[in-house]
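# Geometric and topological summary
Now for the letters of each chain:
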Amino acid sequence: MKKLWTNCHIASMKNGQYSTIENAVIITHQEKIHWIGTAQDFNLYHSTHLENIEKIDLNGAWVTPGFIDCHTHSIFGGNRSVEFEKRLEGVSYAEIAAQGGGIASTVRATREATDDELLQSASNRIKALLKDGVTTIEIKSGYGLDYENEKKMLNVAKRIGETLPVTVKKTCLAAHALPPEYKDQSDAYIEYICSEMLPKLQQDGLIDAVDAFCEYLAFSPAQVEKVFKVAQSLNIPVKIHAEQLSALGGSSLAARYHALSADHLEYLTEEDAKAMSASNTIAVLLPGAFYFLRETKFPDIQALKKHQVKIALSTDLNPGTSPVLSLRLMMNMGSTLFKLTPEQTLAAVTINAAYALGLQDTHGSLEVGKIADFIAWNIEHPSEITYWLGGDLDKKVIYQGNIRDF
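- Looking at an unreviewed UniProt entry, the protein chain carries the name Imidazolonepropionase, with the source organism given as Acinetobacter stercoris.
- One UniProt comment on the protein chain, placed under Sequence similarities (unreviewed entry), says "Belongs to the metallo-dependent hydrolases superfamily. HutI family."

## Quick notes on the packing of aromatic side chains
- Counted by the stated rule, this structure contains 14 aromatic pairs.
- Three or more aromatic residues joined by ring pairs form one cluster here, namely Tyr182, Tyr189, Tyr192 and Phe219.
- Lys297 extends its terminal NZ or CZ atom over the ring of Tyr267, reaching a point 5.3 Å from the ring centre.
- The side chain of Lys310 reaches across the aromatic face of Tyr355, ending 4.8 Å from its centre.

## Looking at the sheet that holds strand β9 (residues 239–242)
- The strand order β5-β6-β7-β8-β9-β10-β11-β12 describes an open sheet built from 8 strands, whose pairing is parallel. Two strands close off the open sheet at either side, each with one partner strand: β5 (67–69) and β12 (311–313). In this sheet, neighbouring strand axes are inclined to one another by 25° on average, regardless of whether the strands run parallel or antiparallel.
- As paired elements, β9 and strand β10 (residues 261–264) share 4 bridges and run parallel to each other. Residue Ala242 lies in a different strand from β10, and its bridge partner there is His264.

## Thoughts on the nonpolar core
- In terms of nonpolar packing, the biggest core is built from 95 residues, with Phe67, Ile75, Ile160, Ile193 and Phe228 touching the most fellow members.
- A domain split of this core shows at least three residues from each of domain 1 (2–65 + 365–403) and domain 2 (67–356).
- Those residues in contact with Ile75 that sit more than four places away from it in its chain are Leu118, Ala122, Arg125, Ile139, Tyr143, Met153, Val156, Ala157 and Ile160.

## Here we look at the pairing of β10
- Handedness of the β9-helix α9 (residues 250–256)-β10 crossover: right-handed.
- Handedness of the β-α-β unit built from β10, helix α10 (residues 270–279) and strand β11 (residues 282–285) comes out right-handed.

## Things to note about the UniProt feature "binding site: Zn(2+)" (unreviewed entry) in the protein chain
- Mapped onto this structure's residue numbering, the UniProt feature "binding site: Zn(2+)" (unreviewed entry) falls at His71, His73, His241 and Asp316. The greatest C-alpha distance among the annotated residues, which extend across 246 residues, is 12.3 Å, indicating that they converge on a single site.
- In this fold, His241 is placed in strand β9.
- Residue classification places His241 among the buried positions, given a relative accessible area of 4%.
- Not counting chain neighbours up to four residues away, the residues in contact with His241 comprise His71, His73, Lys140, Leu173, Asp211, Ala212, Phe213, Cys214, Asp263 and His264.
- Leaving out residues up to four positions away in the same chain, Asp316 has contacts with His71, Thr72, His73, His264, Leu286, Ala289, Thr321 and Ser322.

## Regarding helix α13 (residues 327–336)
- A large share of α13 lies buried, amounting to 8 of its 10 residues.
- Of the positions making up α13, those classed as buried are Leu327, Arg328, Met330, Met331, Asn332, Met333, Gly334 and Ser335.
- Two or three places before Arg328, at the start of α13, stands the capping residue Ser326, its side-chain oxygen 3.5 Å from that residue's backbone nitrogen.

## A short note on the UniProt feature "binding site: 4-imidazolone-5-propanoate" (unreviewed entry) in the protein chain
- As annotated by UniProt and renumbered to match this structure, "binding site: 4-imidazolone-5-propanoate" (unreviewed entry) occupies Arg80, Tyr143, His176, Gln244 and Thr321.
- If you trace the backbone, Tyr143 turns up in the loop between β6 (134–140) and α6 (147–163).
- Given the relative accessible area of 2%, Tyr143 is considered buried.
- Once residues within four sequence positions are removed from consideration, Tyr143 is found in contact with His73, Ile75, Phe76, Ile103, Thr106, Val107, Thr110, Glu150, Met153, His176, Asn318 and Pro319.
- Counting through the fold element by element, Gln244 comes out in the loop between β9 and α9.
- By relative accessible area, which is 9% here, Gln244 ends up buried.

## Brief notes about the pairing of strand β14 (residues 395–399)
- By the criterion of burial, β14 is predominantly enclosed, with 4 of the 5 residues buried.
- As judged from the 4 bridges shared by strand β13 (residues 374–377) and β14, these two strands associate in the antiparallel manner. For Phe374, the partnering residue across the bridge sits in β14 and is Ile398.
- The pairing of β14 with strand β15 (residues 402–403) spans 2 bridges and is classified as antiparallel. Pairing of Tyr399 across the sheet is with Asn402, part of β15.

## Describing the domain arrangement of the protein chain
- Domain annotation of the protein chain identifies domain 1 (2–65 + 365–403) and domain 2 (67–356).
- Placing the centre of domain 1 and that of domain 2 at their C-alpha centroids yields a distance of 31 Å.
- Overall, the association of domain 1 and domain 2 removes approximately 1,900 Å² of surface from exposure, summing both partners, and the carbon and sulfur fraction of that is 61%.
- It is Met13, Thr386 and Tyr399 that lose the most area in domain 1 upon contact with domain 2, and together they represent 32% of the buried surface on that side.
- In this structure, the connection of domain 1 to domain 2 is made through 0 salt bridges.
- On inspection of domain 1 and its partner domain 2, the count reaches 9 residue pairs in polar contact (both at pLDDT 80 or more).
- Contributing elements (two or more residues each) for the side of domain 1 that touches domain 2: β4 (53–65), β13, α16 (383–387) and β14.
- Among the residues making up the side of domain 1 that touches domain 2, the classes are represented as 14 nonpolar, 9 polar and 4 charged.

## Side note on unusual backbone geometry
- A positive phi angle, near 75°, is found at Leu265, a position not held by glycine.
- Counting through the fold element by element, Leu265 comes out in the loop between β10 and α10.
- Phi at Asp316 takes a positive value of approximately 55°, unusual for a residue other than glycine.
- Locating Asp316 in the fold gives a position in the loop between β12 and α13.

The rules we used
Residues numbered from 1 in each chain as written. Predicted model: local features only at pLDDT ≥ 70, side-chain atom pairs only at ≥ 80, totals over all residues. Heavy atoms only, no water. UniProt positions renumbered as here; feature names shortened; annotations may be inferred. Phe/Tyr/Trp six-rings, centres within 6.5 Å; stacked < 30°, edge-to-face > 60°. Lys NZ or Arg CZ within 6 Å of the ring centre and 35° of its normal. Pairing = 2+ DSSP bridges. Helix = DSSP H or I, 4+ residues; strand = E, 2+ residues; numbered from the N terminus. Axes fitted to C-alpha atoms, helices over the stretch in contact; angles between N-to-C directions. Core = buried A, V, L, I, M, F, W, Y, C linked by side-chain atoms within 4.5 Å. Buried < 20%, exposed > 50% of the residue type's maximum accessible area, 1.4 Å probe, protein only. Domains from an automatic or database assignment. Contact = heavy atoms within 4.5 Å. Right-handed = clockwise from strand over helix to strand, strands pointing away. Polar contact = N/O pair within 3.5 Å; in protein donor to acceptor, adjacent residues only side chain to side chain. Buried area = accessible area lost by both parts, 1.4 Å probe. Salt bridge = Lys/Arg side-chain N within 4 Å of Asp/Glu carboxyl O. Nonpolar A, V, L, I, M, F, W, Y, C, P; charged D, E, K, R; others polar.

Written out as structure tokens, the structure is:
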């Protein structure tokens, strides 16, 4: 049965702009958008040609595409709230790490957790994002750091997509940190990722993209390039964590491999922005981590805009540096911290985020033939979505043509 969604206004986000349609109608058929336009055009051309259709009155709502959270580490064991408290009491990160804390504690807890325990804890976090309007989410591995535990994480990500009403893209971030068994052996660990982990995980059908953390405290550009070459040979698209703490040219490296996205980018240079523009690599900014780490180096937004690099925003949901459970809050931070307009922040969590996952042909904007993921907001203008700080705005979330029940 087709569905007729009436009495609404639309911010389609086609071409990254509001692309407003007032007094609009949407027709969906199964999980896709069948027709979209004004009520006047519908009455002229379609109203007499539809039979057996379900009608839904949206009561004057503003309709936007469903939100896409394109960078999360939402599967992990335990949490690091106690470390957060210790840091606020003056204990340094180095001291915490020496006591077995930091990412090592998350790796340990993730390895010790069962599949079902990881599924339950991650589902609870992701449900908070879904209530905010998220209909598509990327989930990275990277707290297992060996084949069996990375596979466990990616399997849990797959199960989340099967048990919750959300589209899940699975990213292998084995090159996230050194596991304890490879202490001071980063080259050997990269070789293990390249020769064993990636080929096996690809054969398991668990990877949609490959990511790597290119930083002085993680992996060098040369090491990351080895990972990218293997991913390329396996026909897997790549992404990168780059320029978060220093300027190593990781985003330019990623651009050379036509990466879907380069993420963080506080230390991005104009040359990096030029390279990303040439390869249509999306800049994913993560204001939650910027805020949580009290960063003072701002991403060069002007360089990104000058070279017309598409900008996405995401939660970076993780236990150590961005325990964020609201993508809409990141939109507000994108405006207040990074000076993006509300229209730009809405594009950043819809069509630009779809590009960051390679989903731009099916998701991210309201157009005929695309997946019918959208949000009907009880607001007076789309700018309110970014304007309101916190809270749960009144809305209906439609996922693949059906109203979600939470």
